[in-house]
Structures are given as structure tokens and as C-alpha cells.
Amino acid sequence: MVLQMRGRRLMKPFRSSSLPLLAVSFLIPVVGARIVQNLAGSGYHAITHLDPPKNPAHPDVEWKEAVAWTVFSGIVGGLARLFIRRWLANTSIPAEGVDYNDDQA
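Below or above, wherever it landed, is the structure these notes cover. Being a predicted model, the structure only gives us computed values, none of them experimental.

**So, helix α2 (residues 63–89)**
Here α2 is 27 residues long and its end C-alpha atoms lie 38 Å apart, about the 39 Å a rise of 1.5 Å per residue gives. Listing the buried residues of α2 in full gives Ala-66, Trp-69, Gly-77, Ala-80, Ile-84 and Leu-88. Close packing links the buried residues of α2 with α1 (19–48).

Structural data, given as C-alpha cells:
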């Protein structure tokens, strides 16, 4: 298999047989993000006894509530992205369409 050098990443040539796996690699993060968004809203409600603001930038939302929701949802969302990417890295599903060489970190 010929690898093409693009910057510091080595990419495999695209094959049409990998199209279903590529589609799955895009769907898994989208579905995961939706699930995590719902869980974050439920967690925020359980902690604060308030519904999370739909738009934290809206003038009617208090600063304290806007900052709390932004920090909480950012932490939960960031951790979810990390777990999904690490999980995809251990599967045959291409994460973000890039295959890294094993000795590169």
C-alpha cells in the first residue's frame, strides 16, 4: 500500500469500499454529541434545579447561569469528544479520515 506524505500525517489512498466506514465515522460523533447534550441538560437540571438556558448569550439569562451552563456543557462535551475519538482510534472505523503511523504521537 502506498502512503502519501501530507505534512506530518500519512494518509492511505481513498477506496470506495471504505465509504460505509467513513459514513459511520461521521455519524457516531453526531449521535454521541446529541446524547451527551441531553445528558448534560439533565445533569445541569439535577445540580441546579433549573433548566439549562437555550441561549446563554441572551440578555434575559443571568451571568451566573450563563457561565455555569457554558462551563458545565463545555467540560461534558469535551470529555465526550475525547472518549469517542479514543474509542474510534481502537476500531477499524477511520476517525476523521486520517490514519496515523503507529510511532507518531
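**Remarks on the packing of aromatic side chains**
If you walk through the whole model with that rule in mind, you get two aromatic pairs. Consider the rings of Tyr-44 and Trp-69, whose centres lie 5.2 Å apart with planes at 75°: the pair is edge-to-face. Residue Tyr-44 is located in helix α1, and its partner Trp-69 is located in helix α2; the two are separated by 25 residues in the primary sequence. For the pair shown, Tyr-44 and Trp-69 are each scored as buried. Geometrically, the ring pair formed by Tyr-44 and Phe-72 is tilted, given 6.3 Å between the ring centres and 50° between the ring planes. Of this pair, Tyr-44 sits in helix α1 while Phe-72 sits in helix α2, and the two are 28 residues apart along the sequence. Classification of Tyr-44 by relative accessible area gives buried; the value is 3%. In this structure Phe-72 comes out as partly exposed when scored by relative accessible area, which is 24%.

**Considerations on the environment of Tyr-44**
Measuring from C-alpha to C-alpha, the distance between Tyr-44 and Trp-69 comes to 7.3 Å, with 25 residues separating the pair along the chain. Here Tyr-44 is in contact with His-49, Leu-50, Asp-51, Pro-52, Pro-53, Glu-65, Ala-68, Trp-69 and Phe-72, once residues within four sequence places are set aside.

Definitions and cut-offs
- Residues numbered from 1 in each chain as written.
- Predicted model: local features only at pLDDT ≥ 70, side-chain atom pairs only at ≥ 80, totals over all residues.
- Heavy atoms only, no water.
- Helix = DSSP H or I, 4+ residues; strand = E, 2+ residues; numbered from the N terminus.
- Expected span 1.5 Å × (residues − 1).
- Buried < 20%, exposed > 50% of the residue type's maximum accessible area, 1.4 Å probe, protein only.
- Contact = heavy atoms within 4.5 Å.
- Phe/Tyr/Trp six-rings, centres within 6.5 Å; stacked < 30°, edge-to-face > 60°.

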